[in-house]
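Analysis of the macromolecular model
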Amino acid sequence: MAATSYFLLAVFLALASSQAIASDPSPLQDFCVADKHSPVKVNGFVCKDPMAVNADDFFKAAKLDEPRNTMHSKVGSNVTLINVMQLPGLNTLGISIARIDYAPLGENPPHTHPRATEILTVLEGTLYVGFVTSNPNNTLFTKELNKGDVFVFPQGLIHFQFNPVHDKPAVALAALSSQNPGVITIANAVFGSKPPISDDVLAKAFQVGKGTIDWLQAQFWENNHY
């Protein structure tokens, strides 16, 4: 009986610890530059031959110091993400970066990163930011940030940023704990899915009439990630 108890305890601790350290896989060598031309499909990318690697594999002239255009965005923001798709040297390193430009009264609408925690630093302007905890509490944590302030959004939780100033833009820099953090913009995913989610399903979920759902699904849900 005691042996069984110890075995069950060991299994429980192993499962708990595996969840606690969940993140991008740790590298087993100095680097693993992504070979995007390999036909082999793995969780990430196959490593490029180290003998063929050069400094350009770890470099991108991203010009993140330059302002991005927010005029054509319906939500008034422009997210410039640098992940493994743009910088092959990030493969297996568990990190990426993004510049976010906000027009006056612009926002980065509620979204989640399924594979990353995000830490945001305000470079210019003011931002009202927040995130919502999971069920059942759905607690909202918010803060107004000014230049130089830092805020963290836990992995997988819905979060947003909004520029409350009507006459000045804002800029932020975000670091994310994945080479490919992913993004799910809530409104886009729910009302702009292809094919559309049944209006019967959404009408019941949001407790509104089908006409409201049909109207929302007819809108153009723009992707502000470029």
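Our structure is the block above this text.
These notes cover the structure that comes with them. (Residues numbered from 1 in each chain as written. Predicted model: local features only at pLDDT ≥ 70, side-chain atom pairs only at ≥ 80, totals over all residues. Heavy atoms only, no water.)

**Considering unusual backbone geometry**
Backbone geometry follows two general trends: most residues other than glycine have a negative phi, and most peptide bonds adopt the trans configuration. Going by this rule: Only runs of H or I of at least four residues qualify as helices and only runs of E of at least two qualify as strands under DSSP, and these elements are numbered from the N terminus.
Note that the residue after asparagine 135, namely proline 136, is joined by a cis bond; omega there is 5°. Relative to the helices and strands, proline 136 is located in the loop between β5 (127-132) and β6 (140-145). Look at the link from lysine 194 to proline 195: it is a cis peptide, with omega at -5°. By the secondary structure assignment, proline 195 is in the loop between α2 (186-191) and α3 (199-206). Positive phi is not limited to glycine here, since threonine 92 has a value of about 75°. Locating threonine 92 in the fold gives a position in the loop between β1 (77-82) and β2 (96-102). Phi is positive for glutamine 207, close to 55°, though the residue is something other than glycine.

**Considering the nonpolar core**
Stated formally: The term nonpolar core refers to a set of buried residues drawn from Ala, Val, Leu, Ile, Met, Phe, Trp, Tyr and Cys, joined through side-chain atoms within 4.5 Å. Using a 1.4 Å probe on the protein chains alone, a residue whose accessible area is under 20% of its type maximum counts as buried, one over 50% counts as exposed, and one in between counts as partly exposed. Pairs of residues are marked as contacts when any of their non-hydrogen atoms sit within 4.5 Å.
Ranked by internal contacts, the top residues of the largest apolar core, which has 18 residues, are Tyr102, Leu120, Leu127 and Val129. For this core, the secondary-structure elements that each account for two or more residues are β2, β4 (118-124), β5, β7 (150-153) and β9 (170-176). No other element matches β9, which puts four residues into this core. Each residue touching valine 129, except ones within four places of it in the same chain, is listed here: Leu120, Phe141, Thr142, Lys143, Leu145, Phe151, Phe153, Phe160 and Gln161.

**Things to note about the pattern of salt bridges**
Stated precisely, the cut-off is as follows: The working definition used for a salt bridge is a side-chain nitrogen of Lys or Arg within 4 Å of a carboxyl oxygen of Asp or Glu.
The final tally for this structure, using the stated rule, is four salt bridges. Here aspartate 57 ties to lysine 48 by a salt bridge, and the two come within 3.1 Å at their closest N and O atoms. What makes lysine 48 partly exposed here is its relative accessible area of 24%. Measuring nitrogen to oxygen at the nearest pair gives 2.7 Å for the salt bridge that ties arginine 99 to aspartate 101. The pair arginine 99 / aspartate 101 is uniform in exposure class, with both members buried.

**Observations concerning the pairing of β4**
We count it as follows: At least two DSSP bridges between two strands are required for those strands to pair.
With four bridges joining them, β4 and β7 adopt antiparallel strand pairing. If you follow leucine 120 over to β7, its bridge partner there is phenylalanine 151. Pairing of β4 with β9 involves six bridges; the strand directions are antiparallel. Within β9, the position partnered with glutamate 118 by the bridge is leucine 176.

**Brief notes about the packing of α3 against helix α4 (residues 210-217)**
Let me state the cut-off plainly: With axes taken as lines fitted to C-alpha atoms, and helix axes fitted only over the stretch in contact, angles between N-to-C directions fall between 0 and 180 degrees. Angular relationships are summarised with four words: roughly parallel below 35 degrees, roughly antiparallel beyond 145, roughly perpendicular across 65 to 115, and oblique for the angles in between. In this scheme the crossing of two helices becomes right-handed for a clockwise turn of the near helix relative to the far one and left-handed for an anticlockwise turn of less than a right angle. The residue classification treats Ala, Val, Leu, Ile, Met, Phe, Trp, Tyr, Cys and Pro as nonpolar and Asp, Glu, Lys and Arg as charged. All others, Gly included, are polar.
Where α3 contacts α4, the two axes come as close as 9 Å, and the packing angle between them is 110°. Viewed along their axes, α3 and α4 adopt a mutual orientation that is roughly perpendicular. Along this stretch, α3 crosses α4, giving a crossing that reads as right-handed. Across the interface between the two elements, Asp199, Asp200, Leu202 and Ala203 of α3 pack against Lys210, Ile213, Asp214 and Gln217 of α4. Of the residues belonging to the contact of α3 with α4, the class tally is three nonpolar, one polar and four charged.

**Thoughts on the packing of aromatic side chains**
How we decide: Side-chain rings of Phe, Tyr and Trp (the six-membered ring for Trp) are treated as a pair once their centres are within 6.5 Å; stacked means planes under 30 degrees apart, edge-to-face means over 60, and tilted covers the remaining angles.
This structure, assessed with the given rule, holds seven aromatic pairs. Pairing phenylalanine 191 with phenylalanine 206 gives two aromatic rings, centres 5.4 Å apart and planes at 35°, and the pair type is tilted. Note that phenylalanine 191 is positioned in helix α2 and phenylalanine 206 in helix α3, a separation of 15 residues in sequence. Accessibility expressed as a relative area gives 43% for phenylalanine 206, which makes it partly exposed. Taken together, the ring pairs connect Phe131, Phe141, Phe151 and Phe153 into an aromatic cluster.

**Some thoughts on the sheet that holds β9**
Judged by pairing direction, the sheet is antiparallel, and its five strands sit side by side in the order β1-β2-β9-β4-β7 without closing on themselves. Both outer strands of the open sheet, β1 and β7, are each paired with one neighbouring strand and no more. Sheet twist, expressed as the mean angle between neighbouring strand axes with direction ignored, is 20°. Bridge count between β1 and β2: six bridges; the pairing is antiparallel. Residue pairing for β2: leucine 81 is matched across the bridge by alanine 98.

So far we have only geometry, and geometry alone does not tell us how the molecule works.
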